[in-house]
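The lines below spell out each chain.
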Amino acid sequence: MLPASAPDQLAATKGAGIVRPARRPAGWVAPGPQPRTPDREDVWPGPGEDLCYLAGDFRILQRVDGHRWSADDLVTAWYAIEQLRHAPPRRAVDLGCGIGTVLLFVTWAFQEARVTGVEAQDVSAGLARRSLAWNGVDDRCAVRFGDLRDPLTTEGLEGAELVTGTPPYLPKGTGIESSKVQCGPCRFEWRGGVEDYALAAARLLAEDAPFVGCAASRQRPRVEAAAVGAGLVLERYRDVIPREGKDPLFSVYVMRRPAAARAPEIEPPLVLRGKDGRFTAAFDEVRRAMGMPVER
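This section reports on the structure supplied with the text. The model shown is predicted, which means the values in this text are computed figures rather than measured ones. (Residues numbered from 1 in each chain as written. Predicted model: local features only at pLDDT ≥ 70, side-chain atom pairs only at ≥ 80, totals over all residues. Heavy atoms only, no water.)

### A few points about the packing of aromatic side chains
Point 1. Within the structure shown, the criterion is met by five aromatic pairs.
Point 2. Pairing Trp-44 with Trp-134 gives two aromatic rings, centres 5.7 Å apart and planes at 85°, and the pair type is edge-to-face. Residue Trp-44 is found in the loop between β2 (17-19) and β3 (49-53), and its partner Trp-134 is found in helix α3 (residues 122-134); the two are separated by 90 residues along the sequence. As far as the burial class goes, Trp-44 and Trp-134 line up, both buried.
Point 3. Pairing Trp-69 with Phe-105 gives two aromatic rings, centres 5.8 Å apart and planes at 85°, and the pair type is edge-to-face. Here Trp-69 is found in the loop between β4 (59-63) and α1 (71-83), whereas its partner Phe-105 is found in helix α2 (residues 101-109), with 36 residues between them in sequence. Note on accessibility: Trp-69 and Phe-105 belong to one class, buried.
Point 4. The ring centre of Tyr-53 lies 4.4 Å from the NZ or CZ of Arg-24, which sits over that ring.
Point 5. Stacked on the ring of Tyr-237, the Lys or Arg Arg-220 has its end atom at 5.3 Å from the ring centre. (Phe/Tyr/Trp six-rings, centres within 6.5 Å; stacked < 30°, edge-to-face > 60°. Helix = DSSP H or I, 4+ residues; strand = E, 2+ residues; numbered from the N terminus. Buried < 20%, exposed > 50% of the residue type's maximum accessible area, 1.4 Å probe, protein only. Lys NZ or Arg CZ within 6 Å of the ring centre and 35° of its normal.)

### Concerning the nonpolar core
Taken as a class, soluble globular proteins show a tendency for nonpolar side chains to be buried jointly.
Point 1. One finds Trp-69, Val-75, Phe-105, Val-106, Leu-162, Phe-250 and Met-290 to be the most contacted residues of the largest nonpolar core, which totals 56 residues.
Point 2. Once you skip the residues sitting within four places of it in the chain, Val-106 turns out to touch Ile-81, Ala-92, Val-115 and Leu-162.
Point 3. By size, the runner-up hydrophobic cluster in this structure holds 28 residues, among which are Val-194, Ala-198, Ala-200 and Tyr-253. (Core = buried A, V, L, I, M, F, W, Y, C linked by side-chain atoms within 4.5 Å. Contact = heavy atoms within 4.5 Å.)

So, in structure tokens, the structure goes:
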């Protein structure tokens, strides 16, 4: 994975927390909407937290010792946004939104959309809400605390023109869970996997809307079965390779209702880094589209 920022970066402090400095090429201007940060102390990082750049001048709060956003969030958000650039959604839902990474990317890209995240970890939900407030978008975006498998949690969100989700990759009992705050449920299926995300998405999708998610690349049979089980069609699928010559690490996919689905397509893999360790031109284009600085 490619974390947005690492705890050992040089940082400035704001109150008791850390405010990460921008790392930008000379002359680079941040695209997209500007944050409208309220005059409130609680939207700034507290002890054990940092505030990092995300898209353009939007920022996100994270625990230094907890779950931090990474490449699967970035690529999932980009893949979702690409599906709807021609027709921006008015309403979107991010299932299992965690600290709000995909939620914030979608909010940054679609400035008129009302976006709702659903999250069952109180620590993560709290961080996501504060990030929405820091960026000044909590007038049109919110986080619901609850289990996405419970229809009551998502009641009233039906008719969404975009649903996203980044399910955990590992079934319970298949590995050693981290004791760090947030990390266990972010990686292990405490509250379901891709099957449950697909079922929840099917309850919420407007007739022609996409559900865009990600999964470990080895889980493609599960993704295919999840689509069938939810009454959806797996329309598009794309592997993501961390470095040229390596096996795929994760994959992004699009599901739709049968009446709206296009012909199924497996797209060429997206390679993040070349053999020299530098970002590829293709991944630079992803980063550029998502409001992130690119050196070349």
